[in-house]
Amino acid sequence: IEQITLSDVTDTPAAFSPSDTKAELLAKGVPHIEIRGTSFFIGYQQVSANNQNPILARFDGDVQTYVRTDYETTGDDQKGYGIIWDGQASLYAVFSATGTQGNASEDFRRFMGNAWLNSYGQGGGPKVSIIGQINPTTGAVQLATFLKAQLSNGDSNTLIVRELDLGENKLLVRADAWFSPLQTDRSPMTCQGSSPFDYQLELSGDLSSVRTATATNCQ
């Protein structure tokens, strides 16, 4: 089988409902990838006036195989905004988070037993990212990690993923990170100039470690 890897990462996450058809999702411009007739759509569900939860749907042909709305069901606003798949077992999705509200059993922390970063950290408000390794067959999150930056006072700061790429047992991430991006040992870098900084990471396939981390104008 020809090896194909496709990704879609957006600045503007899209809302959709579990009942939407594939045609409706395409018409809404929901981020998606399709390989050999199987497609994944990622976005968020508007569950109340001021709360959004991530949503991921799989279609085979035009038929919905599953839709997952259970990744995060707390009061925090979380949205899916990126996805990458190699057409086989390696499927990763990117989500945004603005803090922690509620029990770890109701959000991505329950998948982070071996994560590089297993919590949002101090503070709340800045938009950090979560990367999840997804089982393509079921939509279940197998592993996940936070990706964030850090202010000088220790509070978490904004990190937005811009590009994803897959390698052999590794996930390459390019992001915009505000002051300051993190080193591989999770300590903040020393940066010159103004945010955001162009931040590039090589994550292990199981999201337990960052092998390399570089950022423009930072060391």
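Enquirer: Provide a residue-level description of unusual backbone geometry, including the pertinent values.
Expert: Ser-180 follows Phe-179 through a cis peptide bond whose omega is 0°. Looking at the secondary structure, you find Ser-180 in the loop between β13 (170-177) and β14 (197-204). Omega for the peptide link from Ser-195 to Pro-196 comes to 0°, which places this bond in the cis form. Looking at where Pro-196 falls in the secondary structure, it is placed in the loop between β13 and β14. One non-glycine residue, Leu-207, lies in the positive phi region at around 65°. For Leu-207, the position within the fold is in the loop between β14 and β15 (210-215). The phi dihedral of Asn-217 is positive, around 65°, even though this residue is not glycine. Relative accessible area serves as the criterion here: at 53%, Asn-217 is assigned to the exposed category.

Enquirer: Lay out the state of the cysteines in plain terms, naming residues and giving numbers.
Expert: The final tally for this structure, using the stated rule, is 1 disulfide. Each sulfur in the disulfide pair Cys-191 and Cys-218 lies 2.1 Å from the other. Its S-S torsion of about 110° marks the bond between Cys-191 and Cys-218 as right-handed, since a negative value means left-handed. Of this pair, Cys-191 sits in the loop between β13 and β14 while Cys-218 sits in the segment after β15, and the two are 27 residues apart along the sequence. The residues Cys-191 and Cys-218 share a single accessibility class, namely buried.

Enquirer: Kindly report on the sheet that holds strand β2 (residues 32-35), identifying the contributing residues and their values.
Expert: Pairing is antiparallel across the open sheet formed by 4 strands, whose spatial order is β2-β3-β4-β5. Two strands in the sheet have a free side with no partner beyond their single neighbour: β2 and β5 (63-68). Within the sheet, the average angular offset between the axes of one strand and its neighbour, ignoring direction, is 25°. Relative to β5, strand β4 (residues 51-60) runs antiparallel, the two sharing 5 bridges. Residue pairing across strands places Asp-60 opposite Val-63, the latter belonging to β5.

Definitions and limits used
- Within each chain, residues carry numbers counting from 1 in the order of the written sequence.
- pLDDT decides what is reported in this predicted model: residues at 70 or higher carry local features, side-chain atom pairs at 80 or more are listed and counted, and totals for whole chains, interfaces and linings draw on all residues regardless.
- Working from all heavy atoms in the structure, the side-chain values ignore hydrogens and water.
- In DSSP terms, a helix is any run of H or I states spanning at least four residues, a strand is any run of E spanning at least two, and both are numbered starting from the N terminus.
- Buried means the residue's accessible area, taken with a 1.4 Å probe over protein chains only, is under 20% of the maximum for its type, while exposed means over 50%, and partly exposed covers the values in between.
- Criterion for a disulfide: a pair of cysteine sulfur atoms at a distance within 2.5 Å.
- Paired strands, as defined in this entry, are two strands with at least two bridges between them according to DSSP.
- In this analysis, axes come from line fits to C-alpha atoms, helices being fitted only over the stretch in contact, and the angle between any two N-to-C directions falls in the range 0 to 180 degrees.

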